[in-house]
Amino acid sequence: MPTDRVTDLPHPLAATTSRRTLLRRAAAGGLAAALAGAGRRPLLAKQATPLATPLAAPPAPTAIPIDHVIVVFLENRAFDNLYGLFPGANGLTSPGAAIPQTDTTGRPYPTLPGVINAYPAPRPDTRFPDDLPNAPFPIERYLPLNQIAPSPVHRFYQHQLQINGGRMDRYVAWTDSGALPMGYNDTTNLPLYPYARRYTLADNYFTGAFGGSMLNHFWLIAAATPTWPKPPAAKVAAPLFDSGGRLIGLTRDGDITPDGYVINNVQPFFPPYEAGTAASDRMPPQTNPTIGDRLSAAGVPWAWYAGGWDDAVAGHPAPTFVFHHQPFSYFATFGDGTPGRAAHLKDESAFEASLENGSLPAVSFVKPLGRYDEHAGYAAVAASEQHAADIIERVNASPYWDRAAIVITYDDFGGWYDHVAPPAVDRWGPGGRVPALIVSPYARSGYIDHTPYDHTSILKFIEWRFGLPPLTTRDTYAYNLLPAFDFGAGPGTPEP
């Protein structure tokens, strides 16, 4: 029995319906549909509603006009933080969305505590008043989109304590940034807002796991949490549980669970990694399969394009290059000097060139350099979203637009408040709700998709389209992204 489980939920395959039947149903839609057909209630938090109905008869994968899937993976924004004011979405104007925050004893704050800029050393952020009401507040009143906000804590155990069993009322109690998590942006000012209006915005999309960046990058490419046998003792967390197994605190924070799973940011064993990190403090190479392995085995071209990759490999990384945002570099198959690395791990400039020279692979993951990835603490919302909008426009101007699908989403919640509790599926998550935009000539126009997706839904879509076997239980049962598309319509063009 895991020593740090959050909840003891029945496994979906424990239903009386046969595994084969569940798998068949899941292939057409997702975990919730499969369990519903087996007479089981879907493991979904009550606030994660309404649910979309999966397609009853999805088209054959080879019959759809999508030959290129492009995933733009941005950073650290909850849905309510960016799209809380999006018309028609389940946002901050929904009934009950302004959940009063409580301290660790359950008492509501009379007013929110002052905003703290926690890095590099904690200090009051005097741009904000120190007596904000206990409610979400418009952050642009104090911090324009072109300025950099402080970064609230966003770690594995703290995130679960903030969620507080689905009450969503301890984002302030378990942060290091005072009132900051409760800030939200004016949705209509976002550079990506016109694309969300024109195409499909998913308002029930969750991260793959609780917590922060590295772990959720793993869930994007492997649908799994990395392991570290016999880790350094100083890196092991000591979570505190009550007699019923419910997480109630932290005796000691750390990056690794007591049973050897890596849940917070650590450096990869292979370069590039943060200068000065000893080999004993770098994660051992991982060997479980990734979506890259599945694509390669099927002969499907793919690449991970990272801003600043070439400079980092050459030993002079840009100031905002983030080593733990490069998930494939943690795997033995893509280690330093391997054929896998040379073939598939590339600089973002190579993505831009591929749109022009006719070499765009079937599956592209685009990871912008830190200054453009929207991560609070070192990136501004305006410049980051404009960079993502520029990617859309480059694809639109290329010969690939008519047969492409672009998914723009965020690795994790970034420590920001959201009022929708994530589905309760397994020990790892899903985590917080984040925005996801599906941009394509075949994306439903002006559509808000309420289907309960998470990062493994991207895997599901790729696996379905290219005929690949799933990686783990989670992507086996994930909802496919198909409800976001209308393949009966002709190809369109961006009209932001």
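Heads up: these notes are all about the structure in this document. (Residues numbered from 1 in each chain as written. Predicted model: local features only at pLDDT ≥ 70, side-chain atom pairs only at ≥ 80, totals over all residues. Heavy atoms only, no water.)

Section: the overall build of the protein chain
Note the following rule: A helix here means a DSSP run of H or I that spans at least four residues, while a strand means a run of E at least two residues long, and both kinds are numbered starting from the N terminus. Exposure classes here rest on a 1.4 Å probe applied to the protein chains alone. A residue is buried below 20% of its type maximum, exposed above 50%, and partly exposed in between. Any two residues whose heavy atoms approach within 4.5 Å at even a single point are treated as in contact. Reported accessibility uses the Shrake-Rupley method at a 1.4 Å probe radius. Residues are deemed covered only where the shown protein chains occlude them.
Counting its secondary structure elements, the protein chain contains 13 helices and 18 strands. By residue count, 60% of the 496 residues in the protein chain fall in the buried class. Counting only contacts in the protein chain whose residues sit at least 6 apart along the sequence, the fraction spanning at least 24 positions is 78%. Carbon and sulfur atoms make up 54% of the accessible area of the protein chain, which totals about 18,000 Å².

Some thoughts on the packing of helix 6 (residues 213-222) against helix 12 (residues 455-466)
We count it as follows: In this analysis an axis means a line fitted to C-alpha atoms, helices contributing only their contacting stretch, and an angle means the value between N-to-C directions, from 0 to 180 degrees. An angle below 35 degrees is treated as roughly parallel, one above 145 as roughly antiparallel, one from 65 to 115 as roughly perpendicular, and anything else as oblique. Helix crossings are classified by the rotation of the near helix relative to the far one: an anticlockwise turn of less than a right angle makes the crossing left-handed, while a clockwise turn makes it right-handed. Amino acids outside the nonpolar list (Ala, Val, Leu, Ile, Met, Phe, Trp, Tyr, Cys, Pro) and the charged list (Asp, Glu, Lys, Arg) are all regarded as polar, and Gly is one of them.
Across the interface, helix 6 lies against helix 12 with an axial gap of 7 Å and an inter-helix angle of 20 degrees. Taken together, the axes of helix 6 and helix 12 lie roughly parallel to each other. Crossing geometry of helix 6 relative to helix 12 is assigned as right-handed. Contact residues: Asn-216, Trp-219, Leu-220, Ile-221 and Ala-222 in helix 6; His-455, Thr-456, Ile-458 and Leu-459 in helix 12. Each residue belonging to the contact of helix 6 with helix 12 can be placed in one class, and the counts come to 6 nonpolar, 3 polar and no charged.

Here we look at the side chain of Asp-125
As a reminder of what qualifies: Counted as a polar contact is a pair of N or O atoms within 3.5 Å, where, for protein atoms, one must be capable of donating a hydrogen and the other of accepting one, and residues adjacent in sequence contribute only when both atoms are in side chains.
Relative to the helices and strands, Asp-125 is located in the loop between strand 3 (123-124) and strand 4 (137-138). A polar atom in the side chain of Asp-125 sits 2.7 Å from the side chain of Arg-127.

Description of the sheet that holds strand 14 (residues 363-367)
What counts is decided by this rule: Here, a strand pair is defined by DSSP locating no fewer than two bridges between the strands.
Taken in spatial order, the 8 strands make up an open sheet running 13-12-14-1-15-16-6-17, and their pairing is mixed. On the outer flanks of this sheet lie strand 13 (345-347) and strand 17 (447-449), each paired with one strand and no other. Adjacent strand axes in the sheet meet at a mean angle of 20 degrees, parallel and antiparallel pairs treated alike. Bridge analysis of strand 15 (residues 404-410) against strand 16 (residues 436-439) gives 4 bridges, and the strand direction is antiparallel. For Thr-409, the partnering residue across the bridge sits in strand 16 and is Ala-436. Set on the sheet, helix 10 (residues 348-357) makes contact with strand 1 (68-74), strand 12 (302-306), strand 13 and strand 14; between it and strand 13 the angle comes to about 80 degrees.

Description of the pairing of strand 12
Burial of strand 12 is extensive: 5 of the 5 residues sit out of reach of the surface. The alternating pattern of strand 12 places Trp-302, Trp-304 and Ala-306 on one face and Ala-303 and Tyr-305 on the opposite face, and all of these are buried. Pairing analysis gives 5 bridges linking strand 12 to strand 14, with the strands arranged parallel. Paired with Ala-303 across the two strands is Ser-364, which belongs to strand 14. As paired elements, strand 12 and strand 13 share 3 bridges and run parallel to each other. Counted as the bridge partner of Ala-306 is Asp-347 from strand 13.

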